[in-house]
Amino acid sequence: MKVMRRIIEIDPERCDGCGQCVIACAEGAIEIIDGKATLVSEVYCDGLGACLGECPQGALKLVEREAEDFDPEAVEHYLEQKRTVDAPKPAPFHAAPQCPSQQMRILQRGPASSHTAASTASALTHWPVQIRLIPPNAPFLQGADLLVAADCTGVAVPNFHEKFLQGRVVMLGCPKFDNIMDYVDRFTKIFAQNSVRRVTVLSMEVPCCSALLGVVRKGMEKAGKEVPLEEVVLGIGGDVLETRTCVPETSPRTSSDQA
């Protein structure tokens, strides 16, 4: 039934498809379709405007117009369907992997040989590396310093391993091409199941990368955790444009943390 009420309106000319509003909408009313934020259904939008402050381009606003009434039961059904359809189904850690890319490995790294300079030696310590393929119970996540990096960063920075990967567990992904709510669910489980020490989000200056930080923060929030969090934004040439602390390290590290 249509009623006069407040509902979100999206300006496609201003929208750059960053996906920040998708993360902010708990009802799942907004999705990125063909590179633009789109209202999936009027019945899913509660009209409260939680997404408004998340849009860096000012493409969202609340308007008063005739629209289908908000239906919380329809929202629950819709979200349950999305959880069922979108939920990743990787092989359990103890099971035989379904494909080589999912085979869990912890890589042993010795000192660089005389033929391999330290600056060119690989600092990768685990496999897989894609966000979608790393199960939340992967042993290398426990007590890890996470590097959540956009796919493009590895080719933008010539000394990526030396500059960013040393001593960190890397998780690669692209919020533009992957399902960002799947990312949120995965990070929620990762933070809930592991004592992550700190997180560095490494992204490019392009708009589609800006959702990566929001994904990690939302995962922390849903897991009820507050982990030291830093964002590093790179230019197209690989230079660091901005570094900022998003969640400071407020409590002293314990002896177990330092082990």
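Just so you know, these numbers come straight off a predicted model, no measurement behind them.

**Student:** Looking at this model, I keep getting lost on the packing of helix H5 (residues 180-193) against helix H6 (residues 211-223). Mind explaining?
**Tutor:** For any two helices packed against each other, one specifies the inter-axial angle together with the distance between the axes. Following both chains from N to C, one finds H5 and H6 inclined at 45 degrees, their axes separated by 7 Å at the closest point. Comparing the axis directions of H5 and H6 gives the class oblique. Note that H5 runs across H6; the crossing there is right-handed. Between H5 and H6, the residues in contact are Ile180, Tyr183, Val184, Asp185, Phe187, Thr188, Phe191 and Ala192 and Leu212, Val215, Val216, Lys218, Gly219, Met220, Lys222 and Ala223, respectively. Counted by class, the contact of H5 with H6 contains 11 nonpolar, two polar and three charged residues.

**Student:** Can you help me understand H5 in this one?
**Tutor:** Helical geometry note: an α-helix holds 3.6 residues per turn, so side chains three or four residues apart project in the same direction. Between its first and last C-alpha atoms H5 spans 20 Å; for 14 residues at 1.5 Å apiece the expected length is 20 Å, and the two agree. Buried within H5 we find Ile180, Asp182, Tyr183, Val184, Arg186, Phe187, Thr188, Ile190 and Phe191. Capping of H5 at its N-terminal end is provided by Asn179; its side-chain oxygen lies 3.0 Å from the backbone amide nitrogen of Met181.

**Student:** Looking at this structure, I do not really get the pairing of strand E10 (residues 229-234). What am I missing?
**Tutor:** Within a regular strand, the side chains alternate between the two sheet faces. With five of six residues buried, E10 lies mostly within the body of the structure. In this sheet, E10 lies alongside strand E9 (residues 198-204) in parallel orientation, the contact comprising six bridges. Residue pairing in the sheet places Val201 in a bridge with Glu231 of E10. Following the backbone out of E9, through H6 and into the adjacent parallel E10, one traces a crossover that is right-handed. Here six bridges tie E10 to strand E11 (residues 240-247), and the two strands are oriented antiparallel to one another. The residue bridging Val233 from the neighbouring strand is Glu242, located in E11. Between E10 and E11, which pair antiparallel one after the other, the connecting turn spans five residues, and Gly238 there sits at a positive phi close to 95 degrees.

**Student:** Before we go on, may I ask you to explain the nonpolar core in this structure?
**Tutor:** Burial of nonpolar side chains together is a common tendency in soluble globular proteins. Of all hydrophobic cores here, the largest spans 72 residues; its most connected members are Leu146 and Val199. Counting residues per element, this core draws most heavily on H6, which supplies seven residues. Contact partners of Val199, with chain neighbours within four places excluded, come to Leu146, Val148, Phe191, Val216, Met220, Val227, Pro228, Leu229 and Glu230.

**Student:** Explain the sheet that holds E9 here, please?
**Tutor:** Backbone hydrogen bonds are what pair the strands of a sheet, in a parallel or an antiparallel way. Strand order in the open sheet formed by five strands is E8-E7-E9-E10-E11, with mixed pairing between adjacent strands. Each of the sheet's edge strands pairs with one partner strand only, and the pair in question is strand E8 (169-173) and E11. Within this sheet the neighbouring strands show an average axis-to-axis angle of 20 degrees, counted without direction. Helix-sheet contacts for H5 involve strand E7 (145-150), E8 and E9, and the interaxial angle to E8 is about 165 degrees. In the packing of H6 onto the sheet, the strands contacted are E7, E9, E10 and E11, and the crossing angle to E9 comes to about 155 degrees.

**Student:** Looking at this structure, I do not really get the side chain of Glu27. What am I missing?
**Tutor:** With respect to the helices and strands, Glu27 occurs in the loop between helix H1 (20-24) and strand E2 (30-33). Of the side chains bearing the opposite charge, Lys218 lies closest to the buried Glu27, which forms no salt bridge; the N-O distance is 9.1 Å. Discounting chain neighbours no more than four positions away, the residues touching Glu27 are Tyr44, Asp46, Phe70, Val75, Tyr78 and Leu79.

**Student:** What is the right way to look at the environment of Val199 in this model?
**Tutor:** By secondary structure assignment, the location of Val199 is in strand E9. Remark: the alpha-carbon pair of Val199 and Leu229, spanning 30 residues in sequence, is separated by 4.9 Å.

**Student:** Looking at this structure, I do not really get the environment of Ala26. What am I missing?
**Tutor:** You can see Ala26 is positioned in the loop between H1 and E2. Distance in space between the C-alpha atoms of Ala26 and Cys51 is 9.1 Å, their sequence separation being 25 residues.

**Student:** Got a minute to help me understand the pattern of salt bridges in this structure?
**Tutor:** Two side chains of opposite charge can pair, provided their charged atoms sit close to one another. Scanning all chains against the criterion turns up eight salt bridges. The salt bridge partner of Lys61 is Glu9, with a shortest N-O separation of 3.6 Å. A residue pair is termed long-range when its members are at least 10 positions apart, and Lys61 in strand E4 (residues 60-68) and Glu9 in strand E1 (residues 2-10) qualify at 52 residues. Since its relative accessible area comes to 46%, Lys61 is described here as partly exposed.

**Student:** I would appreciate a short explanation of the packing of aromatic side chains in the present structure.
**Tutor:** Following the criterion strictly, the structure yields three aromatic pairs and no others. Relative to Tyr78, the ring of Tyr44 has its centre 4.2 Å away and its plane inclined at 15 degrees; by these criteria the two rings are stacked. One end of the pair, Tyr44, is in the loop between strand E3 (36-39) and E4; the other, Tyr78, is in helix H2 (residues 72-86), and 34 residues separate them in sequence. Given a relative accessible area of 8%, Tyr78 falls into the buried group.

Rules used throughout
Residues numbered from 1 in each chain as written. Predicted model: local features only at pLDDT ≥ 70, side-chain atom pairs only at ≥ 80, totals over all residues. Heavy atoms only, no water. Axes fitted to C-alpha atoms, helices over the stretch in contact; angles between N-to-C directions. Helix = DSSP H or I, 4+ residues; strand = E, 2+ residues; numbered from the N terminus. Parallel < 35°, antiparallel > 145°, perpendicular 65-115°, else oblique. Left-handed = near helix turned anticlockwise from the far one by under 90°. Contact = heavy atoms within 4.5 Å. Nonpolar A, V, L, I, M, F, W, Y, C, P; charged D, E, K, R; others polar. Expected span 1.5 Å × (residues − 1). Buried < 20%, exposed > 50% of the residue type's maximum accessible area, 1.4 Å probe, protein only. Polar contact = N/O pair within 3.5 Å; in protein donor to acceptor, adjacent residues only side chain to side chain. Pairing = 2+ DSSP bridges. Right-handed = clockwise from strand over helix to strand, strands pointing away. Core = buried A, V, L, I, M, F, W, Y, C linked by side-chain atoms within 4.5 Å. Lys, Arg positive; Asp, Glu negative; His and termini not counted. Salt bridge = Lys/Arg side-chain N within 4 Å of Asp/Glu carboxyl O. Phe/Tyr/Trp six-rings, centres within 6.5 Å; stacked < 30°, edge-to-face > 60°.

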